[in-house]
Amino acid sequence: MDIKNLKKHYRYKEIRETIEKQSIKSFGDIRTLAEAYYKDLDLHKKNSFPKAIKLLEDIKSKEKEDDNPSETLCLLGAIYKRKWEYEKDLNYLFKAIENYEKAYIKKDKEWYYGAINTSFLYEILANEFKNKDLEYTKLLQNKANDIRNIIINEFDNKKINRRDDILWIKHTLAQAYLGIGDLKKCREKLEEANDDKFL
C-alpha cells in the first residue's frame, strides 16, 4: 500500500516504517513523517510531539530549499496548537500563531489555510486574556476579525469555481463568517460546499 492510502487508513506506524527505511527523503517525506508522529494516537504525546517538531523545525531552517514552506509552517502550527491543548503552556499557543501567521503572510496559493487558523487562534488567545487584560483581548479579537474580513473580501462573490481547492475555500469562508457572527452566510457557504455545481 502506498503512503497516500496508508494515510487514508490512519496507518501511521506503517508510514513511519516506510519513510524511515528510505535512504533519501524529500521535504515532503519528512513532513509526512512528522505528521505520522503527531497524529498517531498510539504514541504518547510527550514523545511524538517533540519528534514531529524537530523534523519540521529542521526543514524550516532550510526555508530556501523547502519546496512547500507554507505547508511546513502550517504543520508546525497544528502541532504547537495540539501541544498547547495538551500541556496548557501558553508559549505553545504563541508558537502556533507565529507559524500559522508566517504561512498566511507568504500569500501562496493556499494562504487562506494559514489565515483562518491564525484568526481562530487569536480568538482562543483573546479568551485566555479576557479576565486579565481587556485591552489586549480587544486587540486580538480585532486582529482575528481583520483576517476573517480579508478572507471574505478575497474570495466571496468572486469567480473561484474553477479552482481545484474550491471546497477548502468554501469551508474557510464558512469559518470566517462564523467568526464574525454571520451565521446565515456561514450556513450558505457550507451548503455551497456540499452542492455539486460548485465542485
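All figures in this text were calculated on a predicted structure; none of them were measured in a lab.

**Q** What is the right way to read the pattern of salt bridges from this model?
**A** Where charged atoms from two side chains of opposite charge approach closely, those side chains can pair. Counted by the stated rule, this structure contains 21 salt bridges. Across the pair Arg31 and Asp66 runs a salt bridge, and its minimum N-O distance is 2.8 Å. Highlighted residues: Arg31 in helix H3 (residues 27-38) and Asp66 in the loop between helix H4 (45-60) and helix H5 (69-87), separated in sequence by 35 residues. Here Arg31 matches Asp66 in class, with each residue buried. A salt bridge links Arg82 to Glu85, with the nearest nitrogen and oxygen atoms 3.4 Å apart.

**Q** I keep staring at H3 and nothing clicks. Help me out?
**A** The terminal C-alpha atoms of H3 lie 17 Å apart, and with 12 residues this matches the ideal 16 Å at 1.5 Å per residue to within 8%. For H3, a buried count of 10 out of 12 residues is recorded, marking the element as mostly surrounded by other parts of the structure. Buried within H3 are the following residues: Phe27, Ile30, Arg31, Thr32, Leu33, Ala34, Glu35, Ala36, Tyr37 and Tyr38. In this structure, the buried side of H3 is in contact with helix H1 (3-8), helix H2 (12-21), H4 and H5.

**Q** So what exactly am I meant to see when it comes to the nonpolar core here?
**A** The nonpolar side chains of a soluble globular protein tend to be buried, and buried together. Core analysis: the biggest nonpolar cluster contains 55 residues, and Ile151 and Phe155 have the highest contact counts within it. Elements with a contribution of two residues or more to this core: H2, H3, H4, H5, helix H6 (90-105), helix H7 (111-129), helix H8 (134-155) and helix H9 (166-179). Per element, the largest residue contribution to this core is 10 residues, and it comes from H7.

Conventions adopted
Residues numbered from 1 in each chain as written. Predicted model: local features only at pLDDT ≥ 70, side-chain atom pairs only at ≥ 80, totals over all residues. Heavy atoms only, no water. Salt bridge = Lys/Arg side-chain N within 4 Å of Asp/Glu carboxyl O. Helix = DSSP H or I, 4+ residues; strand = E, 2+ residues; numbered from the N terminus. Buried < 20%, exposed > 50% of the residue type's maximum accessible area, 1.4 Å probe, protein only. Expected span 1.5 Å × (residues − 1). Contact = heavy atoms within 4.5 Å. Core = buried A, V, L, I, M, F, W, Y, C linked by side-chain atoms within 4.5 Å.

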